[in-house]
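Take a look at the letters that make up each chain.
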Amino acid sequence: MSAHVHVRADRIITVAPAVTVLLVPGPSLGGPVQLDPALVRLLIDADVRGLQTVALAGALHDLDAAPVSLARYVATDDGATAAEAVARLGAHRTLRVADVSPDAVQAWIGRVPAVEARTLRRRVRTALRRIAPVRRVYERMRTR
């Protein structure tokens, strides 16, 4: 199960280390229409930490909001919005969900792919590379 944080127009929550997904509600769900400096800092921080950003688009006009357009994925429960999101972003970046409201996120948040740097396989490989004998094995494997 992913931990996530919501971005609201009136309140920006600091990204915690355990958070893996940053949710950006569209304007129809009470989210910001324009980028402000605090939101830009939050989005940059999320990108640096390797978080997935998911925009919640409840209506077609949400796709035109600047914060939504910067998200890596768009989740929607509306057919027309989903079709437009697929046309703009591609099917691989569009999540069709039963309910896009912020209260229903827990039901579908697990469908958001994990960033490679946050997968267990990647973390184990990184930890093993710190051990000198294992690092030499990895170096030999790369040269073959």
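It should be noted that the structure appears before, not after, this text.
This one's a predicted model, so the numbers in the text were calculated from it and none came from an experiment.

What counts and what doesn't
- Residues numbered from 1 in each chain as written.
- Predicted model: local features only at pLDDT ≥ 70, side-chain atom pairs only at ≥ 80, totals over all residues.
- Heavy atoms only, no water.
- Helix = DSSP H or I, 4+ residues; strand = E, 2+ residues; numbered from the N terminus.
- Expected span 1.5 Å × (residues − 1).
- Buried < 20%, exposed > 50% of the residue type's maximum accessible area, 1.4 Å probe, protein only.
- Arc of directions from axis to C-beta.
- Contact = heavy atoms within 4.5 Å.

K.L.:
Which parts of the structure should I look at to understand helix H1 (residues 37-48)?
P.N.:
Residue pairs three or four apart in sequence face the same way in an α-helix, which turns once every 3.6 residues. Taking 1.5 Å of rise per residue, the 12 residues of H1 would be expected to cover 16 Å, and the 16 Å separating its terminal C-alpha atoms lies within 8% of that figure. Among all positions of H1, only Leu39, Leu42, Leu43 and Ala46 are buried. Along the long axis of H1, the arc covered by the buried residues comes to 95°, so they all point the same way. Opposite the buried face of H1, at more than 90 degrees from it, the exposed residues are Pro37, Arg41, Ile44 and Val48.

K.L.:
Can you walk me through helix H3 (residues 79-89) in this structure?
P.N.:
Buried residues of H3: Thr81, Ala82 and Ala85, and no others. Down the axis of H3, the buried side of the element spans an arc of 100°, and every buried residue falls inside it. Tucked inside the fold, the buried residues of H3 contact strand S4 (73-76) and strand S5 (94-96). Positive backbone phi, at 100°, marks Gly90, one or two positions downstream of H3.

By themselves, these are just geometric observations and shouldn't be taken as functional.
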